[in-house]
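# Understanding the architecture of this molecule
Each chain, written out:
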Amino acid sequence: MEKYINRGKSFTRRLSGTEIALGYLVALPAFMFCCVYLATALVKFVCLMIGNSVDYYLINMTVNLVNDAIMAVVCLFIFRKFFKRNLKDFKKKWPTYVFVGIVLGYILCIVGDTVGNLVLRLFTTTTTSVNQSSISSLSHQYPIFMIIMTCFLAPITEELLFRGLVFTSIRKYSRVWAYVISALLFGFIHVMDTVLAGNMSELVQMIPYCFMGLVFAYMYETTDNICTSMLTHMAQNAVAMIVLLRSAGFF
């Protein structure tokens, strides 16, 4: 096991200049800003065209599902060579990486989430973000949509962007800043809509997400494989989704 958990001592992942350029100029801005506002505009356009008979929330979920799918495909295309190298190495010892990613990774997620929420309580008594409330509500209404988006599409896209792009490109200059910047960006994306809408108090809600970002980066770095952090991310979101659906009485 120790052979595959190198604790960052032999981190070998690198991106080409083209991958870095396309990542920062196309993929990251599209994910953080363009797609969000384009999706919102498209939802409003469809609703206006169809009229009052349309189910706004269903249209919104459909557009966002398609948007997330396209974003995942775009990221996989831009970082295809990087991802193929990771996948090739992952296949060589996949049982070990699966165990590390899902079991050990999820345990670290519990620790990260606990610490993150304890820190959050130092700043506010509200520990449920707008993003979490929205996910909970939508999961009750459209469980299949949310399972696909949160358990598959989001982990693929977010790991390729925040760990694959941001962490990898910064780490060769500074390991500490790679952790800090990738975690902060990952945390901010989960509260961005609310904060940019003017609710600055929601900014502190990014703290638990930042700690989760540190966990995912640690899993990526210590195994030297982005597929491991994807599995950890998927496991974390899947368990959260199971809890939400169970509370809603789906099973």
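Everything here concerns the structure above.
Now for a look at the structure at hand. Every value quoted in this text rests on a predicted model; they were computed, and no experiment measured them.

## Section: the side chain of Thr-232
The topology assignment puts Thr-232 in helix H10 (residues 226-247). In this structure Thr-232 comes out as buried when scored by relative accessible area, which is 0%. Leaving out residues up to four positions away in the same chain, Thr-232 has contacts with Gly-101, Gly-105, Tyr-106, Cys-109, Phe-216 and Met-219.

## Section: unusual backbone geometry
Even without being a glycine, Asp-224 presents a positive backbone phi close to 60°. Its place among the elements puts Asp-224 in the loop between helix H9 (206-223) and H10.

## What about the pattern of salt bridges?
By the definition in use, this model includes six salt bridges. For Lys-92, the salt bridge identified is with Asp-89, shortest N-O distance 3.6 Å. Placement of the pair is Lys-92 and Asp-89 together in helix H3 (residues 80-92), with a separation of three residues, close to one helical turn. Residues joined in a network through salt bridges with shared partners are Arg-13, Asp-89, Lys-92 and Asp-224.

## Overview of the packing of aromatic side chains
Going through the model one piece at a time under the given rule, you end up with nine aromatic pairs. Taking the centre distance of 5.7 Å and the plane angle of 20° together, the rings of Phe-90 and Tyr-97 count as stacked. Given a relative accessible area of 8%, Tyr-97 falls into the buried group. Residues Phe-167 and Tyr-179 carry aromatic rings whose centres are separated by 5.1 Å and whose planes lie at 85° to one another, so their mutual orientation is edge-to-face. Residue Phe-167 is found in helix H6 (residues 143-171), and its partner Tyr-179 is found in helix H7 (residues 175-189); the two are separated by twelve residues along the sequence. Grouped by ring-pair contacts, the aromatic residues Phe-11, Phe-167, Tyr-179 and Tyr-220 constitute a single cluster. Here Arg-80 stacks its cationic end above the ring of Phe-77, 4.3 Å away from the centre of that ring. Positioned above the aromatic ring of Phe-186, the side-chain terminus of Arg-163 is 4.5 Å from the ring centre.

## Remarks on the packing of H3 against H10
The geometry of H3 relative to H10 is characterised by a closest axis approach of 8 Å and an angle of 85° between their N-to-C directions. Taken together, the axis directions place H3 and H10 in an arrangement best described as roughly perpendicular. The segment H3 lies against H10, with Phe-82, Phe-83, Asn-86, Leu-87 and Phe-90 engaging Ile-226, Cys-227, Met-230 and Leu-231.

## Topic: the environment of Val-103
On the secondary structure map, Val-103 appears in helix H4 (residues 94-120). Using a relative accessible area of 35% as the deciding quantity, one classes Val-103 as partly exposed. Put simply, Val-103 and Met-200 are 97 residues apart on the chain and 36 Å apart in space, counted from C-alpha to C-alpha.

## Quick look at the state of the cysteines
Here, disulfide denotes a covalent bond that connects the sulfur atoms of two cysteines. Going through the model one piece at a time under the given rule, you end up with zero disulfides. The structure places no disulfide on Cys-109, whose sulfur is separated from the nearest cysteine sulfur, that of Cys-151, by 13 Å. For Cys-109, a relative accessible area of 0% translates into the label buried.

Thresholds applied
- Residues numbered from 1 in each chain as written.
- Predicted model: local features only at pLDDT ≥ 70, side-chain atom pairs only at ≥ 80, totals over all residues.
- Heavy atoms only, no water.
- Helix = DSSP H or I, 4+ residues; strand = E, 2+ residues; numbered from the N terminus.
- Buried < 20%, exposed > 50% of the residue type's maximum accessible area, 1.4 Å probe, protein only.
- Contact = heavy atoms within 4.5 Å.
- Salt bridge = Lys/Arg side-chain N within 4 Å of Asp/Glu carboxyl O.
- Phe/Tyr/Trp six-rings, centres within 6.5 Å; stacked < 30°, edge-to-face > 60°.
- Lys NZ or Arg CZ within 6 Å of the ring centre and 35° of its normal.
- Axes fitted to C-alpha atoms, helices over the stretch in contact; angles between N-to-C directions.
- Parallel < 35°, antiparallel > 145°, perpendicular 65-115°, else oblique.
- Disulfide = S-S within 2.5 Å.

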